[in-house]
Amino acid sequence: MLRKPSDPRLSNPKGVSEEGGALERPTTSITDLLVRLGGLAFIDAVALWFAYRLFSNGAAVIGGLVLFITLLVNVIFLFNGLYPWRWLAPGLVLLILMVVYPVVYMVYIAFTNYGDGHLLTKEQVVAQLGTQYFSGEGGATYKWTAFRSDDGRFLIHLEDEQGNTFVASKENGIRPATPELLGGAPVGGELPEQINGYQQLKRLQVLRYLGDLNKLGITGEQGPLRFNSLDSASIQQRRFTYDPATDQLRNNETGKVYTPKDGFFTAPDGERVTPGFAAVVGWRNFARIFTSPEIRQPFLGVFVWTVLFALLSVLTTFSLGLAMAMVLNDKQLPVRGLWRSLIIIPYTIPAFISALIWVGLFNTVHGPINKALESLFGISPDWFSDANLAKIMILAINLWLGFPYMMVICLGALQSIPSDMYEAADLDGAGPIQKFRSLTLPLLLVAVAPLLVGSFAFNFNNFTLIELVTEGNPPDPNGASVAGQTDILISYTYRLAFASGRGTDFGLAAAISLIIFMIVAAITIFNFRLTRRLEEVT
Amino acid sequence: MSTIRQRTATGVAEARPATRVRSVKTSRRIGFVLKLLAVILATLYALAPVLLILSAALNPANTLVNQSLIPEGATLDNFRSLFNSPQHPWPLWIWNSIKLAGLTALIVVAVSALGAYAISRFRYRGRQAGLLTIILIQLFPNILTVVALFLLLQQIGKVFPFLGLNTHGGLLLIYTGGALGFNTYLMKGYFDTVPRELDESARIDGASNFQTFWHVMLPLVRPILAVIAILTFVATYGDFLLARVMLKSTDQYTLAVGMALFINDQFNQRWGIFAAAALVGALPIVIVFLTLQRQLIGGLTTGSVKG
């Protein structure tokens, strides 16, 4: 992809002028304009088709987003004053669609009850309720006879209790019978063996087609025709009528009136129509986190463990990493490069692989760790059932995963500490501990503090480790919550939204994500401040 | 601790009279031995799980119970069965991971290079604000918007099945979108270190902006392109959450999802095959890291993407 000039630093200016010197001001040439307009026309055509498809499939918000992005791209490429933005356009499109919009959408979801039982929009719920029917007193009942054509279409002859006869088909609905429709046979008389190519079905054949007949969806003016048995069929009535003007739903069978409340059509006596729909519920999700006992308790536990886990992870990995860096920093050590490369290996293995490896090694019954502990001390700890042991195991695994990284960055930082500082300290008669505490550590921290904060933020959301090692287990002892005892906030969110086996609660999951976001954002802003302040110091 | 003792010893030797030379020598020797011991222990600690996995992969027993450091009757059976397991298409999973990670890296490098060039070289209205926005957006890692991303793909998928849930197209969109902001910022920093005189002289010779970018800038910033490509590849390859949430069918899984579901607590019956898969899956990344250590560490410490 990249062209390779012999020596970029020297050859470029001239090389370029030879290859493409003709264009002086690229933004104003005619060909450039034509290329731009052609490209835009193509993009617009594709985007409009996309947007149209989205709109007609009920994804209006995303359709609008596509239109907005298209408009933006057009503006950027049509006005010469916005030239620099043309370079940013591809990234901008992706960022708006896949980052900005999801963030905004997430904030919106956090204020809704979106989740199991509330997955549909109100319009979808109304439409779905519109397909519910009941066999009411008003609906007529018929005796019926079916005819079938060779290509699999059906014609139904109906006779109601008063002796009125009708001919029904999928194509034409239900019409009063006429001799014409009956293929010349008289209305009310004996039914012919065949009507206009449709053969009358015998009782046994009808039995076979009964399911198909109901699936046909033959619908008259009052509602669909339902074949109840071999002898009777009836017109069904719509159970619900929705009035958009008053935003009320009426049950035609009972006469009850329902109004939308908290994502359900609710009757005055509190009875709800299911399914519910997604509705804005304000701060309720956040209020639940802080007031509802069955959420507040686990949330607090998860929160404390998340902070503790991230903090201890940074502390342990940094301590071991620093110690190893100080050892490896000794120039007398033979083959330093080799040691360094070997110790760095755990860091290079993808975390999802090493996490799973360690789960095997910690296996309570067969794992090598427990076998070793058994033969050495006669103990066999149950790493996965005891919450405290599970937490220790997670930290131990994370130490292995993380210390090489800390070692690498500490090595870099150590090498940047000027050696004359140590000589000066020696002259002042400083002891080793004193030198470490008042020289090495502060100077090192200046360099690595932002990375430590970054590591904290990373571990704060270290989903891969928790999910692959314990899946948040052991479970909540009271069984009241989906949050396990080793769950951190991000894995708790995941469980709420996707994997609890107790239904999904997108609203609550989004609300907790927002809280994590606030915390991580605060940490990162603090980190920026720290970096700048520390830069001023050095 | 031993480091300090050793260093003091050196310092003291220079500062004090020669009577102490012998004790300094012995303490230096003790320090050296302690350090060597520490290094060896740390290396063993770092490599023990890797060696165990290597041995398990070669062990025909395929069980955790029979795990030993040196396997009896070592064979490549476990590796062979990776390729002959219709229920668990390992080669396909690895290919899916490589495909997704490779495409993500390619797109991210291309798009963020374009953006970084503009931010680094042009002065225009909204530049500062745009840069700030990118940094702020990056505060929100896309694993936090996973709920919204899931619902977004679900909706898009109803209209365009190739970009919906359980497709690599949809996942690719998520990966590229999520990696763009930070990498553009990282690349812009590197672009800034290339002297402006170079592109100005190209401009004087009549090169267009794009020619300057293509022939002058890109060859000079190749190291950062490589670093960003590799780091993006590694990060995408290692993603578990997004792939787990978005992908539903076995033939679409990435290695991370497939491996997690394969082992699913059946360590004792599947340990050997798992170990073989772990080796095959980790090896490319480990090799890349070890050969490009020096170049990558700069990017790592700026990015702090892991650890």
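Note that the structure is a prediction, hence the values are computed from the model and not measured. (Residues numbered from 1 in each chain as written. Chains lettered and ligands numbered in written order. Predicted model: local features only at pLDDT ≥ 70, side-chain atom pairs only at ≥ 80, totals over all residues. Heavy atoms only, no water.)

### Regarding the nonpolar core
Counting 215 residues, the largest nonpolar core has B:Met246 and B:Met259 as the members making the most contacts within it. Formed by 18 residues, the second largest nonpolar core is a distinct cluster that contains A:Ile156, A:Leu201, A:Leu225 and A:Ile235. (Core = buried A, V, L, I, M, F, W, Y, C linked by side-chain atoms within 4.5 Å. Buried < 20%, exposed > 50% of the residue type's maximum accessible area, 1.4 Å probe, protein only.)

### Thoughts on a nonpolar patch on the surface
Residues and elements named next belong to chain A. A cluster of nonpolar side chains, namely Leu33, Leu37, Leu71, Val75, Leu78 and Phe79, defines an oily patch on the protein surface of about 540 Å² accessible area. Among the elements of the structure, helix 2 (30-56) and helix 3 (60-78) are those that each provide at least two residues to the nonpolar patch. Counting residues per element, the nonpolar patch draws most heavily on helix 3, at three residues. Relative to the elements of secondary structure, leucine 37 occurs in helix 2. The class of leucine 37 is partly exposed, set by a relative accessible area of 41%. (Patch = residues over 30% accessible without salt bridge, like charges linked within 9 Å, V, L, I, M, F, W, Y side chains within 5 Å. Areas by Shrake-Rupley, 256 points an atom, 1.4 Å probe, with all protein chains shown as cover. Salt bridge = Lys/Arg side-chain N within 4 Å of Asp/Glu carboxyl O. Helix = DSSP H or I, 4+ residues; strand = E, 2+ residues; numbered from the N terminus.)

### Brief notes about the side chain of B:His88
Residue and element names in this part refer to chain B. Within the element layout of this structure, histidine 88 appears in the loop between helix 3 (77-82) and helix 4 (90-121). Taking relative accessible area as the criterion, histidine 88 reaches 14% and is therefore assigned buried. Setting aside anything within four residues of it in sequence, one finds histidine 88 in contact with Leu82, Trp93, Phe262 and Arg270. (Contact = heavy atoms within 4.5 Å.)

### Here we look at unusual backbone geometry
Following A:Asn473, the chain continues to A:Pro474 via a peptide bond in cis, the omega torsion being 0°. Even without a glycine there, the phi angle at A:Asn196 is positive, about 45°. Considering the arrangement of structural elements, one finds A:Asn196 in the loop between strand 6 (194-195) and strand 7 (198-200). Notably, B:Asn166 is not glycine yet its phi reads approximately 65°, a positive angle.

### Looking at helix 2 of chain A
Counted at 1.5 Å a residue, the expected span for helix 2 of chain A with its 27 residues is 39 Å, and the 38 Å between its end C-alpha atoms agrees. Where helix 2 of chain A is concerned, the buried positions are A:Arg36, A:Leu40, A:Ala47, A:Ala51 and A:Leu54. On its buried face, helix 2 of chain A sits against helix 3 and helix 4 (83-110) of chain A together with helix 6 (146-159) of chain B. (Expected span 1.5 Å × (residues − 1).)

### Re the interface of chain A and chain B
Interface size is commonly expressed as the accessible surface area that is lost when the partners come together. Counting from both sides, the interface comprises 119 residues of chain A and, opposite them, 115 residues of chain B. Across the chain A/chain B interface, buried area totals approximately 10,700 Å², and carbon plus sulfur atoms make up 78% of it. The partner of A:Asp330 in a salt bridge is B:Lys35, with the nearest N and O atoms 2.6 Å apart. Run the count over chain A and chain B and you get six residue pairs in polar contact (both at pLDDT 80 or more). Tallied by class, the residues present in the side of chain A that touches chain B amount to 85 nonpolar, 22 polar and twelve charged. (Buried area = accessible area lost by both parts, 1.4 Å probe. Polar contact = N/O pair within 3.5 Å; in protein donor to acceptor, adjacent residues only side chain to side chain. Nonpolar A, V, L, I, M, F, W, Y, C, P; charged D, E, K, R; others polar.)

### A word on the packing of helix 12 (residues 255-263) of chain B against helix 13 (residues 267-291) of chain B
Residue and element names in this part refer to chain B. At their nearest, the axes of helix 12 and helix 13 sit 9 Å apart, and the two run at 165° to each other. As the angle between them shows, helix 12 and helix 13 are arranged roughly antiparallel. Handedness of the helix 12/helix 13 crossing: left-handed. Every residue of helix 13 that contacts helix 12 at Leu255, Met259, Phe262 and Ile263 is listed here: Phe267, Arg270, Ile273, Phe274, Ala277, Ala278 and Gly281. (Axes fitted to C-alpha atoms, helices over the stretch in contact; angles between N-to-C directions. Parallel < 35°, antiparallel > 145°, perpendicular 65-115°, else oblique. Left-handed = near helix turned anticlockwise from the far one by under 90°.)

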